[in-house]
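So the chains spell out like this:
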Amino acid sequence: MLEGLAAGPATSSGAIAVNGSRSNISVRNCTIRGFRSGVFINDDESEVGHLVEDNRLEQITALGIYVIGRGSVVRRIG
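Notes on the structure in this doc start here.

What counts as what
- Residues numbered from 1 in each chain as written.
- Predicted model: local features only at pLDDT ≥ 70, side-chain atom pairs only at ≥ 80, totals over all residues.
- Heavy atoms only, no water.
- Helix = DSSP H or I, 4+ residues; strand = E, 2+ residues; numbered from the N terminus.
- Buried < 20%, exposed > 50% of the residue type's maximum accessible area, 1.4 Å probe, protein only.
- Polar contact = N/O pair within 3.5 Å; in protein donor to acceptor, adjacent residues only side chain to side chain.
- Contact = heavy atoms within 4.5 Å.
- Salt bridge = Lys/Arg side-chain N within 4 Å of Asp/Glu carboxyl O.
- Pairing = 2+ DSSP bridges.
- Core = buried A, V, L, I, M, F, W, Y, C linked by side-chain atoms within 4.5 Å.

## What to know about the side chain of Arg33
- As for its placement among the helices and strands, Arg33 is situated in strand β4 (residues 31–33).
- Exposure remark for Arg33: the relative accessible area of 19% places this residue in the buried category.
- A distance of 2.6 Å separates a polar atom in the side chain of Arg33 from a polar atom in the side chain of Glu58.
- Look past the residues within four positions of Arg33 in its chain and what remains in contact with it is Met1, Leu2, Glu3, Gly4, Leu5, Glu58 and Gln59.

## Some words on the pattern of salt bridges
- In this structure the tally under the stated criterion is seven salt bridges.
- As a salt-bridge pair, Glu53 and Arg76 come within 3.0 Å of each other at their nearest N and O atoms. Of the two residues, Glu53 sits in strand β6 (residues 51–58) while Arg76 sits in strand β8 (residues 73–77), which places them 23 residues apart along the sequence.
- With a closest N to O distance of 2.6 Å, Arg56 and Glu58 form a salt bridge.
- You can call Arg56 partly exposed: its relative accessible area is 45%.
- For Glu58, a relative accessible area of 21% translates into the label partly exposed.

## A few points about the pairing of strand β5 (residues 37–42)
- Of the pairings in the sheet, the one linking strand β2 (residues 14–19) to β5 comprises five bridges and is parallel in character. Within the sheet, the bridge partner assigned to Asn19 lies in β5 and is Asn42.

## Quick look at the side chain of His50
- Along the chain, His50 falls in the loop between β5 and β6.
- For His50, a relative accessible area of 2% corresponds to the buried category.
- Apart from residues no more than four positions distant in its own chain, His50 is found in contact with Arg22, Ser23, Asn24, Ile25, Ile41, Asp43, Ile68, Gly69, Gly71, Ser72 and Val73.

## Description of the nonpolar core
- Ile16, Val18, Ile25, Val27, Ile32, Phe35, Val39, Ile41, Val52 and Leu57 together form the largest nonpolar core, which totals ten residues.
- Broken down by secondary-structure element, the contributors of at least two residues to this core are β2, β5 and β6.
- With residues up to four places along the chain from it excluded, the contact list for Leu57 reads Ile32, Gly38, Gly64, Ile65, Ile77 and Gly78.

## Thoughts on unusual backbone geometry
- Non-glycine residue Asn29 carries a positive phi angle of around 55°.
- Along the chain, Asn29 falls in the loop between β3 (26–28) and β4.
- Classification of Asn29 by relative accessible area gives exposed; the value is 61%.
- With a phi close to 50°, Arg76 is a non-glycine residue in the positive phi region.
- With relative accessibility at 52%, the residue Arg76 sits in the exposed group.

Worth remembering: the numbers are spatial, not functional.
Okay, here's the thing in structure tokens:
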């Protein structure tokens with residue numbers, strides 16, 4: 001579990017953030033709570049997709065999941 005509730009509702013922090021060219025990023029079976037953003041993957045150069053699945057996001061104040069990357073898959077979010 002990643003928890004950021006102690007920072008309060010005005011927090012600007014993100015739980016998981018990736019910028020730039022990376023391959024095969026997987027974010028699975030996580031509980032992410034109390035951040036401004038939950039999962040942020042910005043990768044428009046990689047040829048290999050990313051996987052975000054079976055995650056639970058709670059009390060995210062701005063951006064739950066943002067994924068850019070060829071062949072990426074986001075599924076089963078609770």
